[in-house]
Amino acid sequence: MADMFAPLVEQLKANPKTIVFTEGSDPRILEAASKLLAEKVLNVVMVGNKAECEAAAAAGNFDISGAEIIDPDTYEGFDEMVSTMVELRKGKMTAEECASLLKKSNYFGTMLVKMGKADCLLGGATYSTADTVRPALQLIKTKKGAHLVSSCFILDRDWGDEGLKRIAMGDCAINIDYQDTVDKATGEVKLSAADKLAEVIVETAKTAAIFGIDPKVAVLSFSTKGSGKGGTVALSHDATIKAQALAPDLAIDGELQFDAAVSPEVAQTKCKGSKVAGQANTFIFPCIEAGNIGYKIAQRLGGYAAYGPILQGLNAPINDLSRGCNADEVYKMSLITACQS
């Protein structure tokens, strides 16, 4: 497999970051953390009971002596953290409710990032995606100009056409679909579905660039340039136009069928002159069904290793692990997460 991680390691060694792991006693987290520390790639904060983390590390023969272990039950800055969270929630939660949530490692770890104790967070080895994303939305929140959180997968393989050895796909994990946001009182459309998908297009291109992809972005559909009607055709078409306006320097085209996006021969027939068609390497899906199915087909039949979901649009990097992950996946997602900061 082509090594997409060596440049990330060198980048992080030159500019060290601190990552929080919310499940500090999990053997997969401990193994990955020991490797990161041994390689001097990242500074590591583990959330959990110190004795339990150290015992689990000893049982697996993992050296985490260089990590900082923080227990919510004994953390000296806990009262300050509660006060900060109350302020962030703006009357939606009492101090008691915030304190209760901050005893949970997902909320506690997220607040460590919010308060500048760490640069990024990786969780989800035992938590659901919702339990990782919810604290991020409530506390980290979306970055300036962003209206939603989305996700991207980076897919990597060492064979096939050069331009398709490493590709990006979004959104395959977070947004089920895209609907207009409407003012309940006036009926006015505050943010259109196309505006939302346009954000996903631009953010996915930015993520692709982090991993050495020069993004040529195809906004996918079952139609190419008006050949089909209905469904999400208008959404993909309109979002393409809005994304081009948001990022005029990016190569973006749509709506495109997948064959027109990747096959030069089909592109010549269906959309001659496109700067993207026939050479796309970054693919945007109009709904989660298509995106989730699409990346899994690429992974299982196309021979790609899939890394993600990589969350986009947040004020700080927060990423989610699969509960079926292994230590190698934790290690690699740690590198990805830290390089987003």
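Rules of the game
Residues numbered from 1 in each chain as written. Predicted model: local features only at pLDDT ≥ 70, side-chain atom pairs only at ≥ 80, totals over all residues. Heavy atoms only, no water. Core = buried A, V, L, I, M, F, W, Y, C linked by side-chain atoms within 4.5 Å. Buried < 20%, exposed > 50% of the residue type's maximum accessible area, 1.4 Å probe, protein only. Helix = DSSP H or I, 4+ residues; strand = E, 2+ residues; numbered from the N terminus. Contact = heavy atoms within 4.5 Å. Pairing = 2+ DSSP bridges. Axes fitted to C-alpha atoms, helices over the stretch in contact; angles between N-to-C directions. Parallel < 35°, antiparallel > 145°, perpendicular 65-115°, else oblique. Left-handed = near helix turned anticlockwise from the far one by under 90°. Nonpolar A, V, L, I, M, F, W, Y, C, P; charged D, E, K, R; others polar.

## Let's talk about the nonpolar core
If you look at the biggest cluster of nonpolar residues, it comprises 44 residues, and the most contacted ones within it are Phe21, Met46 and Leu335. Considering each element in turn, this core owes the most residues, 7 residues, to helix H13 (residues 327–339). The contacts of Met46, once residues within four sequence positions are left out, are Phe21, Gly24, Ile29, Leu30, Ala33, Ala67, Glu68, Ile69 and Ile70. In terms of nonpolar packing, the next biggest core, distinct from the first, is built from 29 residues, Val47, Leu102, Met111 and Val149 among them.

## Considering the environment of Arg134
Counting through the fold element by element, Arg134 comes out in helix H7 (residues 129–140). The sequence separation of Arg134 and Lys50 amounts to 84 residues, and the corresponding C-alpha distance is 26 Å.

## Concerning the sheet that holds strand S3 (residues 68–70)
The 5 strands are arranged S3-S2-S1-S4-S13 in an open sheet whose pairing can be described as parallel. A single partner strand is all that each edge strand has here, and the edge strands are S3 and strand S13 (318–320). The mean inter-strand angle of the sheet, taken between neighbouring strand axes irrespective of direction, is 20°. Direction of pairing for strand S1 (residues 18–21) relative to strand S2 (residues 43–47): parallel, over a ladder of 4 bridges. Residue pairing in the sheet places Thr18 in a bridge with Asn43 of S2. On the sheet, helix H2 (residues 27–38) packs against S1 and S2 and is oriented at approximately 160° with respect to S2. Seen against the sheet, helix H6 (residues 105–114) touches S1, S2, S3, strand S4 (120–123) and S13 and runs at an angle of roughly 145° to S2.

## Thoughts on the packing of helix H8 (residues 193–210) against helix H9 (residues 233–246)
Between H8 and H9, the least distance of the axes is 8 Å, while the angle of their chain directions is 60°. With respect to each other, H8 and H9 are oriented oblique. The two elements H8 and H9 meet at a crossing, and its hand is right-handed. Between H8 and H9, the contacting residues are Ala193, Ala194, Asp195, Leu197, Ala198, Glu199, Ile201 and Val202 on the first element and Leu235, Ser236, Asp238, Ala239, Thr240, Lys242, Ala243 and Leu246 on the second. Taken together, the residues that form the contact of H8 with H9 break down as 10 nonpolar, 2 polar and 4 charged.

## Quick word on the pairing of S4
In S4, alternate side chains face the same way, and those of Cys120 and Leu122 on one face and Leu121 and Gly123 on the other are all buried. One ladder, built from 3 bridges, connects S1 with S4; its direction is parallel. Counterpart to Phe21 in the pairing with S4 is Leu122. Examined bridge by bridge, S4 and S13 share 3 bridges and lie parallel to one another. Following the sheet pairing, Leu122 is matched in S13 by Asn319.

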